[in-house]
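Examining the three-dimensional arrangement
Residues per chain, in single letters:
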Amino acid sequence: MELSSGNLVSEVSVDGTSELNSKGIAVETSALTTVELVNASHLDYGVLIGESQYSVVDQAIASNNTYGFVITSNFTNVTNSIAINNSQDGFHLENAEYNNLMYNNASLNSFYGFYLYNDISGSNNNNLSSNNAYENLYGFVIQSSENNTLYANYAYNNSAVGYALNDANFSNISGNIALNNSLTGISLVSTFYSNVTANYVESNDNTGISVSDNSSFNEISENLANESLYGIYIGSNYNNMLH
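Rules used throughout
- Residues numbered from 1 in each chain as written.
- Predicted model: local features only at pLDDT ≥ 70, side-chain atom pairs only at ≥ 80, totals over all residues.
- Heavy atoms only, no water.
- Helix = DSSP H or I, 4+ residues; strand = E, 2+ residues; numbered from the N terminus.
- Buried < 20%, exposed > 50% of the residue type's maximum accessible area, 1.4 Å probe, protein only.
- Pairing = 2+ DSSP bridges.
- Axes fitted to C-alpha atoms, helices over the stretch in contact; angles between N-to-C directions.

Considerations on the environment of S30
By the element assignment, S30 lies in the loop between β4 (23-28) and β5 (34-36). Take S30: its relative accessible area is 6%, and that puts it in the buried class. It is 6.7 Å that separates the C-alpha atoms of S30 and E51, two residues lying 21 residues apart in sequence.

Here's the deal with the sheet that holds strand β21 (residues 154-156)
The strand order across the open sheet built from 10 strands is β3-β6-β9-β12-β15-β18-β21-β24-β27-β30, with neighbouring strands paired in parallel fashion. Pairing within the sheet leaves two strands with one partner each, and these edge strands are β3 (13-15) and β30 (224-226). On average, each strand axis in the sheet is tilted by 5° relative to the strand beside it, whichever way the strands run. Sheet analysis places strand β18 (residues 132-134) next to β21, joined by 3 bridges and oriented parallel. Each residue of the ladder has a partner; that of A133, found in β21, is A155.

Right under this line is the structure:
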């Protein structure tokens, strides 16, 4: 189902056959469109918002797709939605800026629960708050993108890392919970000028908070890191502040 600008789609279910490039709900080169109470499954893309500014997705479910939700747009709000059992990512933002994702759940996705990625210009200035990511490979990943905020999210029982910042400069990671992830609760790799503040990190098998691979000028403060092999690990880096 493809939509143009200014439309409302509500209470629709789309069940596909997992064909390449198949899309359940697609809003492309449009704006001011609301998608609510929809269910998309067995597709390549469950819900796609592409270059469609000021759109809204609320109370949507994307399951058993390749990608659950894909956002390549700016100023989009995604709330109260569920991405479950997708073979790649639950919520995938690519070259997407100034988006808000709140009160969403990502579980049992084979790769990332929430993924912010830079292909051309970066997925910058996004806010992810009060989301849950559990039993994915990674909970939350910010890759080659800047000025993003993760606040009051919950990452638990993921097979690798709860929150992974890779070349994710000027990030703000605060008030989050990382619990029982198999490798690391919060990981900073090649990341500069970021704040990791007042997070609760417990029972991650290897490391609670890891700062590595020349990550520098970061502030790690007021975090509680318990019951891991390493509570807080600072590797080959410089000019980080820990207090």
